[in-house]
Amino acid sequence: MTKAEQQFLSILKKAVHSDSSGTIENPDWTGILSAARKQNLLALIFDASQNIPGYEAIESKYFQPVATQMSIQMQKTTDFLQLYQAFLSDGLSPLALKGIICRNLYGARADFRASGDEDLLISKEDYDETAKTLNRCGYQAEDMPDSGLELIQEVTFKNPKSPLTIELHLNPFGTDNDFCVKMNEWFRNVFDGDEIIVIDGVPIRTLEPTDHMLFLIFHDFKHFTGGGFGIRLMLDTLLFAKRYYNRIHWEYIDKALEDTGIAPVYADMVSIGNKYLGFDLPERYTTTCPDELLEDMLRMGIFGNSTKADTTAWTMVGNAVQGADGAEKKAARGGRVRSIFRYLFPSWRTWKVWRPYLKDKPWMLPAEWCKRVGRYLRKETPTHNLSEINESYAIAEHRLELLRKYKVM
């Protein structure tokens, strides 16, 4: 971990705990702000840096970008609350996940924690009515789902007149691999219990604390087994644990994490939070390699897509994880050639999630492979030459080694 990354974590600790103690000696502002952008925490870090020596040097350069980001976030929040009121008027109450619920954990700095979109969980039976309300409010689906409601994780809705994006979840974690399927099992009865959180006068229905805590941990883990998950996702999870600790049924969480094999990852998240970010959460499980996990989080950024090579490595890691718990185990560990082959020619299991029609028409898979190769040759994929793919493979192999330590592979 670099000095700048250490300073970034120290400022973040001040931001989330309103801690004014201590000081940052000779801050490396270039490195600090680079880390903040990579983790999508620029506004939060900027606001918490005001009393640090040298702040004046960055104030003029970053004030306007931060103010713009906050203005957009505030508009997203306003638009979401208006949309949710429309749902309530239509007799609907989808479950809000992450997003606005997590921002609420940051108190006065809520709008400094940016959200790319807002996530809503609904039952598949409510999809048509929910989509009607979204359409009435100006939101249209990017990709119209067909018979794939049983497979796809979400449908994305956008409004050309709003910066807000809605992700309508039909399966909490999708069906990409056996880990996702097993995590979904823990949310079969999620609509039986709920929590109402009032934000700016609007009652928002969300998961009750135990289910939401489990959802956040599972969500982090899903990203970990793909492109990686960043500091902000971990921070949301730990802040939620801190806020609701006495209301969370921890024995139920223990059982779920042991069943899915995620307990070691959560243990290391808590260890990182306590050591570097000022938390004091009980450490319920044995740690594995928290410092290596932190290095991975800092390296890969918020979603593991900081560079084109990272994005392609995400696909390679995802293919390997899918193979590790299925019939392609040998292919997942077959080295560089097999990894690149799987990047170019993903399996039917992957494709039927991307293109649900393939569930009933598996013979169409070669056609999708041909289209993918065509996009590669036309340089429409993130990486499209051998040196770039080799770079991605090196990133993927490094991440897979970490996953092996957690027995994911």
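Positions within a chain are numbered from 1, following the residues in the order the chain's sequence is written. The predicted origin of the model limits local features to residues at a pLDDT of at least 70 and limits the giving and counting of side-chain atom pairs to 80 or more, whereas totals for whole chains, interfaces and linings rest on all residues. Each side-chain value is derived from all of the structure's non-hydrogen atoms; neither hydrogens nor water enter the calculation.

Trainee: I would appreciate a short explanation of the overall build of the chain in the present structure.
Mentor: Within the chain one finds 18 helices and seven strands. Across the 409 residues in the chain, those meeting the buried criterion constitute 56%. Of all intrachain contacts in the chain linking residues separated by at least 6 positions in sequence, the fraction that spans at least 24 positions is 67%. We get accessible surface area from the Shrake-Rupley algorithm with a probe of 1.4 Å; when it comes to residues, only the shown protein chains can shield them. In the structure as shown, the chain presents an accessible area of about 18,200 Å², 50% of it carried by carbon and sulfur atoms. Strands here mean DSSP runs of E at least two residues long; helices mean DSSP runs of H or I at least four residues long; both are numbered from the N terminus. Relative accessibility under 20% of the residue-type maximum defines a buried residue, over 50% an exposed one, and the middle range a partly exposed one, all with a 1.4 Å probe and only protein chains included. Any two residues whose heavy atoms approach within 4.5 Å at even a single point are treated as in contact.

Trainee: Any chance you could explain the packing of helix α7 (residues 178–185) against helix α8 (residues 209–224) here in plain terms?
Mentor: Interaxial distance between α7 and α8 falls to 11 Å at its minimum, and their mutual angle equals 175°. Relative to α8, the element α7 lies roughly antiparallel. Packed against α7, whose contacting residues are F179, C180 and M183, the element α8 presents F218, F221 and K222 at the interface. Gly falls in the polar group here, along with every residue not listed as nonpolar (Ala, Val, Leu, Ile, Met, Phe, Trp, Tyr, Cys, Pro) or charged (Asp, Glu, Lys, Arg). Among the residues forming the contact of α7 with α8, the class breakdown is five nonpolar, no polar and one charged. Note on method: axes are straight lines fitted to C-alpha atoms, helices fitted across the in-contact stretch only, with angles between N-to-C directions ranging 0 to 180 degrees. Working definition: roughly parallel below 35 degrees, roughly antiparallel above 145 degrees, roughly perpendicular at 65 to 115 degrees, and oblique for all remaining angles.

Trainee: Sorry if this is basic, but what is going on with the pattern of salt bridges here?
Mentor: Where charged atoms from two side chains of opposite charge approach closely, those side chains can pair. Any carboxyl oxygen of Asp or Glu within 4 Å of a side-chain nitrogen of Lys or Arg constitutes a salt bridge here. Per the counting criterion, the structure on display carries 16 salt bridges. For R136, the salt bridge goes to D90, with nearest N and O atoms at 2.7 Å. With R136 in helix α6 (residues 127–136) and D90 in the loop between α4 (56–89) and β1 (95–97), this pair connects stretches of sequence that are 46 residues apart. R205 serves as the salt-bridge partner of D194, at 2.8 Å between the closest nitrogen and oxygen. Of the two residues, D194 sits in the loop between α7 and β6 (195–199) while R205 sits in strand β7 (residues 202–206), which places them 11 residues apart along the sequence. A network of salt bridges, in which partner residues are shared, links E397, E401 and R404.

Trainee: What's the story with the side chain of K98 in this structure? I'm lost.
Mentor: By the secondary structure assignment, K98 is in the loop between β1 and α5 (99–103). There is a polar contact of 2.9 Å between the side chain of K98 and the side chain of D119. Polar contacts, as counted here, are pairs of nitrogen or oxygen atoms within 3.5 Å of one another; within protein the pair requires one atom able to donate a hydrogen and one able to accept it, and residues that are adjacent in sequence qualify only if both atoms are side-chain atoms.

Trainee: Before we go on, may I ask you to explain the environment of D117 in this structure?
Mentor: In this structure, D117 sits in the loop between α5 and β2 (118–121). In sequence terms D117 and L164 are 47 residues apart; their C-alpha atoms lie 6.3 Å from each other. Filtering out sequence-adjacent residues up to four positions away, D117 remains in contact with T165 and E167.

Trainee: Quick question: what am I supposed to make of the environment of T130 here?
Mentor: Structurally, T130 is set in helix α6. T130 has contacts with F87, L92, I122 and L168, leaving out every residue within four places of it along the chain.

Trainee: Looking at this structure, I do not really get the pairing of strand β4 (residues 154–158). What am I missing?
Mentor: One face of the sheet, then the other: side chains in a regular strand alternate in exactly this way. Two strands pair under a simple rule: DSSP has to find at least two bridges between them. Judged from the two bridges that link them, strand β3 (residues 140–141) and β4 form a sheet pairing that is antiparallel. The residue bridging A141 from the neighbouring strand is F157, located in β4. With five bridges joining them, β4 and strand β5 (residues 165–169) adopt antiparallel strand pairing. Note on β5: the bridge partner recorded for F157 is I166. Counting the residues that bridge the hairpin from β4 to β5 gives six residues.

Trainee: Mind showing me how you'd approach the pairing of β6 here?
Mentor: Burial along β6 is one-sided: E195, I197 and I199 are buried, while I196 and V198, pointing the other way, are not. One ladder, built from five bridges, connects β6 with β7; its direction is antiparallel. Opposite V198, over in β7, you have P203 as the bridge partner. Hairpin connection between β6 and β7: a loop of two residues separates the two successive antiparallel strands, and D200 in this loop has a positive phi of roughly 50°.

Trainee: Is there a simple way to explain helix α11 (residues 263–276) in this structure?
Mentor: Every α-helix winds through 3.6 residues per turn, so residues three or four apart in the chain are directed the same way. To estimate how far a helix should extend, the number of its residues minus one is multiplied by 1.5 Å. Over its 14 residues, α11 runs 20 Å from end to end, which matches the ideal 20 Å to within 8%, given 1.5 Å per residue. With 11 of 14 residues buried, α11 lies mostly within the body of the structure. Among all positions of α11, only A263, V265, Y266, A267, D268, M269, V270, S271, I272, G273 and N274 are buried. Contacts made by the buried residues of α11 are with α8, α9 (231–244), α10 (250–260) and α12 (290–300). The positive-phi residue at the C-terminal boundary of α11 is G278, with phi of around 80°.

Trainee: Even after reading the chapter, I still don't get the side chain of S162, so can you show me in this structure?
Mentor: If you trace the backbone, S162 turns up in the loop between β4 and β5. S162 gets classed as buried once you look at its relative accessible area, which sits at 14%. At a separation of 3.0 Å, a polar atom in the side chain of S162 contacts the main-chain amide nitrogen of L164. If near-sequence neighbours (up to four positions away) are discounted, S162 is found in contact with D79 and Y139.

Trainee: For this particular structure, what's the right way to read the confidence of the model for the chain?
Mentor: Caution applies to low-pLDDT regions: their predicted coordinates should not be interpreted in detail. The predictor reports its confidence for every residue as pLDDT, a score running from 0 up to 100. For the chain, the mean per-residue pLDDT works out to 86, and 85% of the residues sit at or above 70. Overall, residues 325–333 carries pLDDT values under 50, and its contacts beyond four positions in sequence, including any with other chains, amount to 16 contacts.

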